[in-house]
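Okay, here's what each chain looks like letter by letter:
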Amino acid sequence: MKPINVGLLGIGTVGGGVWTVLKRNEEEISRRAGRSIRISHVADRNLDHARNVTGGGARITDDAYAVVADPDIDIVVELIGGYTVARDLVLKAIENGKHVVTANKALLAVHGNEIFAAAQKKGVMVAFEAAVAGGIPIIKALREGLSANRIQWLAGIINGTTNFILSEMRDKGLAFADVLKEAQRLGYAEADPTFDIEGVDAAHKATIMSAIAFGIPMQFDKAYIEGISKLDATDIKYAEQLGYRIKLLGIAKHKKNGIELRVHPTLIPTKRLIANVEGAMNAVLVWGDAVGATLYYGKGAGAEPTASAVIADLVDVTRLHTADPKNRVPHLAFQPDRLSDLPILPMAEVETAYYLRLTAADKPGVLADITRILADLSISIDAMLQKEPAEGESQTDVVILTHVALEKDVDAAIVRIEALASITGKVTRIRMEELNG
Ligand code: HSE
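Worth saying up front: this structure is predicted, and the values here are computed from it rather than measured.

Student: Just checking my understanding: could you explain the nonpolar core for this structure?
Tutor: Proteins that are soluble and globular tend to have nonpolar side chains buried together. If you look at the biggest cluster of nonpolar residues, it comprises 85 residues, and the most contacted ones within it are Ile-138, Leu-142, Ile-165, Ile-208, Leu-267 and Val-286. In this structure, Leu-142 is in contact with Ile-151, Leu-154, Met-209, Ile-212, Ala-213 and Val-286, ignoring residues within four places of it in sequence. Counting residues in each nonpolar core, the second largest holds 30 residues, with Ile-4, Leu-22, Ala-50 and Met-125 among its members.

Student: Help me out: how do you make sense of the site of the ligand in this one?
Tutor: In the region of the ligand, the neighbouring residues are Lys-105, Asn-159, Gly-160, Thr-161, Asp-196, Asp-201, Lys-205 and Ala-301. Within the side chain of Asp-196, one N or O atom sits 3.0 Å away from a nitrogen atom of the ligand. The side chain of Lys-205 places a nitrogen or oxygen atom 2.8 Å from an oxygen atom of the ligand. In isolation the ligand has 260 Å² of accessible area, and contact with the protein removes 81% of it. For the shell around the ligand, the elements supplying multiple residues, two or more each, are α8 (160–172) and α11 (200–214). Here the shell around the ligand is composed, by residue class, of one nonpolar, three polar and four charged.

Student: Is there a simple way to think about the side chain of Thr-102 in this case?
Tutor: Along the chain, Thr-102 falls in strand β5 (residues 99–102). Looking at Thr-102, the relative accessible area reads 1%, which means it is buried. Here Glu-78 takes part through its side chain, which lies 2.6 Å from a polar atom of the side chain of Thr-102. Looking at Thr-102, its side chain comes within polar contact range of the main-chain nitrogen of Asn-104, at 2.9 Å. For Thr-102, the contacting residues outside a window of four places in its chain are Glu-78, Leu-108, Val-126, Ala-127, Phe-128 and Ala-131.

Student: Please explain the environment of Ile-423 as it appears in this structure.
Tutor: One can find Ile-423 in strand β17 (residues 423–432). What makes Ile-423 buried here is its relative accessible area of 8%. Between the alpha carbons of Ile-423 and Gly-55 there is a distance of 67 Å; along the sequence they are 368 residues apart. The contact partners of Ile-423, leaving out residues within four places of it in the chain, are Leu-358, Thr-359, Ala-360, Val-366, Ile-370, Ile-417 and Glu-418.

Student: Got a minute to help me understand the sheet that holds strand β3 (residues 59–61) in this structure?
Tutor: Taking strand neighbours across the sheet as the criterion, the six strands line up as β3-β2-β1-β4-β5-β6 in an open arrangement whose pairing is parallel. Each end of this open sheet is capped by a strand with a single partner; those strands are β3 and β6 (126–127). Examined bridge by bridge, strand β1 (residues 4–9) and strand β4 (residues 75–78) share four bridges and lie parallel to one another. Across the sheet, residue Gly-7 finds its bridge partner in β4, namely Val-76.

Conventions and cut-offs
- Residues numbered from 1 in each chain as written.
- Predicted model: local features only at pLDDT ≥ 70, side-chain atom pairs only at ≥ 80, totals over all residues.
- Heavy atoms only, no water.
- Core = buried A, V, L, I, M, F, W, Y, C linked by side-chain atoms within 4.5 Å.
- Buried < 20%, exposed > 50% of the residue type's maximum accessible area, 1.4 Å probe, protein only.
- Contact = heavy atoms within 4.5 Å.
- Near = heavy atom within 4 Å.
- Polar contact = N/O pair within 3.5 Å; in protein donor to acceptor, adjacent residues only side chain to side chain.
- Areas by Shrake-Rupley, 256 points an atom, 1.4 Å probe, with all protein chains shown as cover.
- Helix = DSSP H or I, 4+ residues; strand = E, 2+ residues; numbered from the N terminus.
- Nonpolar A, V, L, I, M, F, W, Y, C, P; charged D, E, K, R; others polar.
- Pairing = 2+ DSSP bridges.

Right, here's the structure in full:
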């Protein structure tokens, strides 16, 4: 059978990995796909680099629109990134009847509904395994492997940069800013790390996973996003003493009245496997009603791990290329006319447990005042840690772990605690998840 022709938009780190792995494993991949998969047209701004990588094995251009218009191309692989040009190119490729494989989480989280609708209308596939957690086949698992289940929740370490920073902060007791500088020097963090450290990248990925897990549209604009840039090494240390690790988690939960979709630093028990995912590694924990807990672990970035996911999509699209579009796996796992309109809950309605740290005067009645405020708002205390004041100090850190409470009640409690004369400064609040059912 004649090879399937792929047009590659961008032959940088990931694109180069796709080229290399496709060549190296050509025989194995064609045995799986049923025909050869050949990158025949490549667009990149750096023509010399593209020529070097491909060694004359494909046509090269600096005009990505020429690739999406090329009548010989069956599948377009979009590895350009960003929301604007990438959106235009993907929509043009679909309009031209081409299947699309993309690693672009930002594009799908923000414009996915429009892109999937266009693909549906045209009868083409848009595959995006590489958009979430790099080489971990989490999209496949959520969309196909777990399709017997009512997925109840998922929680993932889905940003390697921040997990690396948190691991280093804990290991070496260093401040966020110092570790970030080191991470940039080592190439773990970008020169502009905002999307990673402020949780935006993780929120893109959590948005995509929530859509597939629960059969809801992409709703990135409703996700709650809090990054790690304000995290204090003190809290990592106290969390450790209480038997917890702090991770930046992307969380999606199916509740009766809506969906929780949130990214924030989270205390999780050290004894959970996922708490021990360190460095730049990723992991996603998914809870289905039939299967219980399942955990997926691996590299969330890098040339060949991401290429592994892109090529798996190429194999899938190649196998289903001639299938009736009605018999293909739906983009968001659920049939497009059966998506749920369950709302994303505002953060005030989210229920979770909390770690609260405050600086209090070391005198009688202070703890009584705090516990009264918590009791008045039906917030139950699970554990408490009070340090002896340092030599010559009259103030001390108090750490309180609560049972599950409503976020808006905790907001109200924090306002009242901060207003107490015996409390100095702001209350630090970090959310906490047991991740056990
Ligand atoms: N910047 C991401 C991370 C990798 O740090 O995990 C690509 O999604």
